[in-house]
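Letter by letter, the chains look like this.
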Amino acid sequence: MTAGVDEPAHAGTTLAAAGLPAPPVPVTPQPRRREDCSSTAPFEVPRNPLEETLVELWSAALQVTPLSIHDDFFEMGGHSLMAAELLTEIQQAVGCQIPARTLYLQPTIAEIAVAICDVLNAGQTGEPADCAVADQARGSSGGEP
Amino acid sequence: MRHSHPADPYAIELDKINIADPFLFSDGDPHAVWQAMRIRDPVRWQRTDGQHGFWSITKHADVERVLRDPHAFTSEGGTLIALIGRPDPASRQQLSATDPPRHTKMRAPIQRFLTGHAPTRFEPTIRGRVREVLANGLAGEPFDFAAAMRALPMATFGASMGVPKADWDRLSELAAMAIAYDDPAYRLESGSDVTMRRAHRELFAYFQDAMDERRRLPGDDLLSILLNLRIDDQPLSPGAVLANCYLLLIGSMITVPEIPKSALLELITTGRYAEWAERPDLLDSGVEEALRWGTSANHVLRYATRTVQLRGKTIRAGDPVVVWFASANRDEEVFADPYRFDIRRSPNRHLAFGSGPHYCVGFGIARITLRLLFEELFSSFESFELAGEVVHLRSNFIAGITRLPVIGKARSRPGASPGGTVADHTARSPAL
């Protein structure tokens, strides 16, 4: 066939865009700075050890540094499959079961810290220091969507 | 999507058609477009925007050629038009987005479950659900056959995944949002993208909690099988388990509910309901014809891994290639009188379940559900008529009907409950 009007305009774009040849491991993001992401959240550093742990786990999963505790997991390049892995890691790190809806539907570190404290308090196994700060967070993030 | 009887393959200006446009499927006539493409340009490049496009494959033989050669046409770059231009996170995680040999190992235990004892085990549940969803129609009042059919697949999905019945309706609703996010019936006010994301996240959250629970309390169900699955001694990652739960849910929501809708609509509009309803001996061949006729999954996407020549066109490595099942199932070279719903059609080499290694893993349980559904329908209802406007689904992925208001005339059988009629009918169909 000669180059016809219905020939695709090749510039290697489709190949690259499709992530081909197929990667041998799940698609992992390239390391990025927060400034290069589309986050609209205010920047705030972790306020307690629990949030510090969460920031570390998130940064490793998303490959983004630094992270604000108000960043939205999905806005920062996360997707549902990645969330599944991350949630499992969080549960292992904090030693308790958190409802999955927390990460999928309230996807910020501040909100998950609150959820973890709620679970820990309910089970009476919480670390008071962390949860006191999370109580504060619950108050301060009251105005957030 | 309308199942039309196009007449003139040259009446369409193909250059003006975007075959991926969801509006074509809700308001237009895709069969007329596919017919024109099959006859005039069966391997056709469709430009979607400045940068992207895809090859449209519309002939039966070419669709099979693409699907049966996973080395030349990979599933690992994404499998739906909606994913063109971005990497698929489910690549090599989800059964449908994995090539052999990994695919073969992932599929084996799922297939064993679905074709082994599951169909017999779930038959009472399916039968119960079929009666339940048809019960509203027995009073002779108008009822929405589309809504009734939407409630049907949970009998197979819910039962085989071990999902509690209390969650079935919510899961159906979320699955519909995830599949048909462009359709006004399911789209949230904030738009299609938000609808799709919301549905995905709710479903993944649901399955994640179910997965955690099943780890503690394993059972004889598909979720436990996914959790125990090992490929080269490695378990599936949590993301892969969830992606496969999602796939099985979506898979169950396509063929089982849509095939009865498109078949019933055709039988009503052509006045041929009784012809099939009076012939239980034609149940199996009729179900196969209903599958060909409705072909609920419109398309699947592959990426070429090397240069392939097809009907004089050069498909290059990296090109997206879309095969259109519904077009293949109306191919004049394979099916005599393809626009006729013929319950006696034989042979019927339809591709409604696909072809090659990714042939629908739920084919067995889907066929059984459809047989039970039509059996019950025919033994309970003497006739049907339309009772309002039929609304077609806005989706390039699913050939669907969102609203099918009908009035059914129940068979008069003094003393016979709807349950009794099924038992009578089953006795006539030992094949089940």
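Everything below is about the structure shown above.
Keep in mind the model is a prediction, meaning the values are calculated, not measured.

Novice: Even after reading the chapter, I still don't get the nonpolar core, so can you show me in this structure?
Specialist: Soluble globular proteins tend to pack their nonpolar side chains together in the buried interior. Core analysis: the biggest nonpolar cluster contains 152 residues, and A:Trp58, B:Trp276, B:Ile315, B:Phe374 and B:Leu377 have the highest contact counts within it. Excluding residues within four positions of it along the chain, B:Ile315 makes contact with B:Val43, B:Trp55, B:Ile57, B:Phe73, B:Ala304, B:Arg306, B:Thr307, B:Val308, B:Leu310 and B:Val321. Within the second largest apolar cluster, 21 residues are counted, among which are B:Phe25, B:Ile81, B:Tyr303 and B:Val322.

Novice: Would you take a moment to explain helix α12 (residues 255–269) of chain B for this structure?
Specialist: Side chains that are three or four residues apart share a direction in an α-helix, a result of its 3.6 residues per turn. Residue and element names in this part refer to chain B. Between its first and last C-alpha atoms α12 spans 21 Å; for 15 residues at 1.5 Å apiece the expected length is 21 Å, and the two agree. Burial of α12 is extensive: 14 of the 15 residues sit out of reach of the surface. Downstream of α12 by a residue or two, Gly271 has a phi angle that is positive, lying close to 65°.

Novice: How should the side chain of B:Ser296 be read in this particular structure?
Specialist: Considering the arrangement of structural elements, one finds B:Ser296 in the loop between α14 (283–294) and β7 (299–304). With sequence-adjacent residues up to four places away left out, B:Ser296 is seen in contact with B:Ile254, B:Thr255, B:Glu258, B:Ile259, B:Phe397, B:Ile398 and B:Ala399.

Novice: So what exactly am I meant to see when it comes to the sheet that holds strand β4 (residues 143–144) of chain B here?
Specialist: Across a sheet, strands are paired by hydrogen bonds formed along the backbone, either parallel or antiparallel in direction. Residue and element names in this part refer to chain B. In space, the three strands of this open sheet follow the order β4-β14-β11, with antiparallel pairing throughout. Of all strands in the sheet, those with a lone pairing partner are β4 and β11 (381–386), marking the two edges. Where β4 and strand β14 (residues 405–410) come together, two bridges link them in antiparallel fashion. Paired with Phe143 across the two strands is Val406, which belongs to β14. This element, α12, spans β11 and β14 of the sheet and lies at about 85° to β11.

Novice: In this structure, what is going on with the packing of aromatic side chains? I would like to understand it.
Specialist: Aromatic ring pairs are reported here in terms of the distance separating the ring centres and the angle at which the planes meet. On inspection of all chains with the given rule, the structure shows 23 aromatic pairs over all chains. Ring centres 6.4 Å apart and planes at 45° place the aromatic pair A:Tyr104 and B:Phe204 in the tilted group. Residue A:Tyr104 is found in helix α4 (residues 100–105), and its partner B:Phe204 is found in helix α9 (residues 192–216); the two belong to separate chains. An identical accessibility class is assigned to A:Tyr104 and B:Phe204; each is buried. Through pairs of rings, three or more aromatic residues link up here, namely B:Phe143, B:Phe145, B:Tyr273, B:Trp276, B:Trp293, B:Phe341, B:Phe374, B:Phe378, B:Phe381 and B:Phe384. Taking the ring centre of A:Phe74 as reference, the NZ or CZ of B:Arg201 above it sits at 3.5 Å. Here B:Arg330 stacks its cationic end above the ring of B:Trp293, 4.3 Å away from the centre of that ring.

Novice: Would you take a moment to explain the pairing of strand β10 (residues 320–324) of chain B for this structure?
Specialist: Sheet faces and side chains relate simply in a regular strand, where the side chains alternate between the two faces. All names here are of chain B. For β10, the tally of buried residues reaches five of five residues, placing the bulk of the element in the interior. Looking at chain direction, strand β2 (residues 53–57) and β10 are connected through three bridges and run parallel. If you follow Trp55 over to β10, its bridge partner there is Val321.

Novice: What's the story with the environment of B:Ala139 in this structure? I'm lost.
Specialist: With respect to the secondary-structure elements, B:Ala139 resides in the loop between α5 (118–135) and β4. Spatially, the C-alpha atoms of B:Ala139 and B:Gly408 are 8.2 Å apart, while their sequence positions differ by 269 residues.

Reading the values: the criteria
- Residues numbered from 1 in each chain as written.
- Chains lettered and ligands numbered in written order.
- Predicted model: local features only at pLDDT ≥ 70, side-chain atom pairs only at ≥ 80, totals over all residues.
- Heavy atoms only, no water.
- Core = buried A, V, L, I, M, F, W, Y, C linked by side-chain atoms within 4.5 Å.
- Buried < 20%, exposed > 50% of the residue type's maximum accessible area, 1.4 Å probe, protein only.
- Contact = heavy atoms within 4.5 Å.
- Helix = DSSP H or I, 4+ residues; strand = E, 2+ residues; numbered from the N terminus.
- Expected span 1.5 Å × (residues − 1).
- Pairing = 2+ DSSP bridges.
- Axes fitted to C-alpha atoms, helices over the stretch in contact; angles between N-to-C directions.
- Phe/Tyr/Trp six-rings, centres within 6.5 Å; stacked < 30°, edge-to-face > 60°.
- Lys NZ or Arg CZ within 6 Å of the ring centre and 35° of its normal.

Nothing here speaks to function; it is all geometry.
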